[in-house]
Amino acid sequence: MSEPGWYAQPFRADGGITAGGLLSQLGRPNLSRLTLLVREAAQNSWDARLPGHPVVHFRLDLSTVGPGHVAAWRRMLSLGSSSTGYRNGMFHRLAQTTAIRYLAVSDRGTSGLAGPTRSDAGRTERREWARFVLNSGDRDGASASSSGGTYGYGKSALFQLSKVGCVLVYTRFEDDYGRLRSRFIGVAIREAFWDGDSRYTGRHWWGLPEEEHCEPLLDAQADAIARELGIPGFHAEETGTTLVVVDPDLTDPSLPDSDTTPELSVPDAGAFLADAAAWNLWPIMLTDRAVQLAVRVTANGIDITVPGAESDAALAFFASAYRTVAEGSGQLLVCGKPRKDLGLFAHQYTYGASVTSLAARELGLEGAPHHVCLLRGPELVVRYHSGPERSNPDAGYAAVFKVTDELDQTFARAEPPSHDGWEYQQLQGREATFVRTAARRLKEQCDRLSGAQARRAVKVGAYSLGSVAQRLGHLLAGPGGTGTAVLPSSPLPGTSRAITASVNHNGSSGTPTHSVSPETSPRGDEGGWGGSWEPAGRRRGARRPTLMSEPYFEVIDGLPVIVQRVRLHGPDRVEGSVRVLTGDGGAEGQTPTGATQPEVYGWRIPADGRIVTGEVLYHAGDAVDVEMIVTAVADVLIDINVVGRS
């Protein structure tokens, strides 16, 4: 058996592709190298998921080679090529450094890289090894419509991230006889070069060189070299793949790319990778899915929190819209001529869900979302389609559009190699019409959600309606109690983040304001809901209505509203009112022409969810919590009043 070493691929008589040509196959996407790696690697892992496994484990580990393994790394990197002038090693500089950094991208619960180790081997059902390690743009044996990429051109994102163009591949799979097999190989993409009179493509493999190709290390030998290099192995019956990007480029994605652009620190790069995973992969990361991608990110061995729909308000709104589409109850967008169903659309209005992530900003999201997340079969984010902003900087909308299964391959063909858009110019005939019409339908929906036409009317005030907690999207207010609760607000016009919520009481004792007939008076201890009963009197010392918790936003029958919980301490007649305040806290004198005014929509009874419309609510019985509902209007500061009428 030959000793491990580097094999350089020569040009053959019938030609070949250069290393530079391989690296350029992703084109010139607008996304950073870190984001591209997350998208492409996760897509390949998701495509390789095993049937019947509910979780695909996907990890990104950014670290530095430890002292116990650095000798093995230097040995590998210092080896030259047995057939070319690279006899002093291709990675001489890196082999001499005191610290070798790497990014390990691994998946478990996936099929691993099986199939022949030669590209010209006989026809077989499984060819993952040939597609990823040997060939470029090879789709032979890939899955059909649900596939996002499956080792096409996206693997070049791995090599683009490596400063030395080198990726180590360690995989485990089950062969046709049910046996677990391991393979290990190094792959490098460098510049094409001449050695004497022979020209080489710039593609190299580290393994067991043979006359015309390079074989991987197998089974026990593969596992042994992985242990020497400190690459995590596989537990029990696990299968999957670990790809190690050697010397990753951590250039700060927020700055213009140049030779002098500083790099992110390892913790900051880990945080960026976690955010990039969240914003590009969230549809398949949802924990209530039947099959889920579980993402873990570490930086120098320390876990980095990966945001999700459970912790980030904006992602939660997108997830809610996605679930509507997944249930098949979204709005169907249609092409009229020729008649064709394009896909399902659903949205959620957002309030105060502000996007601040650097990775999300790269995707075009910042502040209140005003975007549609585009999806097709694999359900990885294609991109976020940006629509007009809403007039209130705290208000937005998060929508999802998913292509019908019938048109999935049409839209797949409209994607560039980086899978980050739909370009109808790549298609012809009806297919181009469908993709172009989808873009027009999405624009129509975004114009509707943003209120683009309504913004031409006069605005009511210049103060935002309220600041909403990022984690839950709830409107903040003071603690429950009587009197007025006001959040501190900015002194700058147009930047106020305050909403007042006050409760008053007209008299703690007295006589009824109007009589009640015996037929409509409730009997016994049960409470009654309706407009025909009023308590016959209030005993001295009756407690005032109390504001409970904080008001929050909700959408009822498509109408954005504010909900304020109010505790009634016994039989009572309560009346709600709302008024618009000016910047100095006084009541607005005259409503501008054409402006929409907030008003009391009604009262919701939490016990059964019933809504009693109108400003007045009658209650008979013991203490109870009710919810006052006020219509929400953008760009105003409002005062909510709850009054007990004796």
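A.B. asks: A description of the pairing of strand E25 (residues 610–613) should follow, citing residues and the corresponding values.
C.D. replies: Sheet analysis places strand E24 (residues 600–605) next to E25, joined by four bridges and oriented antiparallel. Residue pairing for E25: glycine 602 is matched across the bridge by threonine 613. Hairpin connection, E24 to E25: the antiparallel pair is bridged by four residues, and glycine 609 has positive phi, about 80°.

A.B. asks: Before we move on, can you summarise the nonpolar core with the specific residues and values?
C.D. replies: Of all hydrophobic cores here, the largest spans 80 residues; its most connected members are Trp279, Leu281 and Trp282. With 13 residues, helix H8 (residues 266–285) is the largest single contributor of residues to this core. Residue contacts for leucine 281: discarding those within four places in its chain leaves Val38, Ala42, Leu293, Val295 and Leu380. Ala432, Phe434, Ala438 and Leu442 belong to the second largest nonpolar core, which has 45 residues in total.

A.B. asks: Report on the packing of aromatic side chains, specifying residues and quantitative values.
C.D. replies: One pass over the full model with this rule turns up 14 aromatic pairs. Measuring from centroid to centroid gives 6.5 Å for tryptophan 279 and phenylalanine 318, while their planes differ by 85°, and the two rings are edge-to-face. A residue pair is termed long-range when its members are at least 10 positions apart, and tryptophan 279 in helix H8 and phenylalanine 318 in helix H9 (residues 313–326) qualify at 39 residues. In this structure tryptophan 279 comes out as buried when scored by relative accessible area, which is 2%. Judged by its relative accessible area of 0%, phenylalanine 318 is buried. Summarising the aromatic geometry, the rings of phenylalanine 411 and tryptophan 422 are spaced 4.8 Å apart at their centres and angled 75° between planes, so their arrangement reads as edge-to-face. Linking phenylalanine 411 in helix H11 (residues 408–413) with tryptophan 422 in the loop between H11 and helix H12 (429–450), this pair joins segments that are 11 residues apart in sequence. Considered together, phenylalanine 411 and tryptophan 422 belong to a single accessibility category, that of buried residues. It is arginine 49 that lies over the ring of tryptophan 46; its NZ or CZ is 4.3 Å from the centre.

Cut-offs used in this document
Residues numbered from 1 in each chain as written. Predicted model: local features only at pLDDT ≥ 70, side-chain atom pairs only at ≥ 80, totals over all residues. Heavy atoms only, no water. Pairing = 2+ DSSP bridges. Helix = DSSP H or I, 4+ residues; strand = E, 2+ residues; numbered from the N terminus. Core = buried A, V, L, I, M, F, W, Y, C linked by side-chain atoms within 4.5 Å. Buried < 20%, exposed > 50% of the residue type's maximum accessible area, 1.4 Å probe, protein only. Contact = heavy atoms within 4.5 Å. Phe/Tyr/Trp six-rings, centres within 6.5 Å; stacked < 30°, edge-to-face > 60°. Lys NZ or Arg CZ within 6 Å of the ring centre and 35° of its normal.

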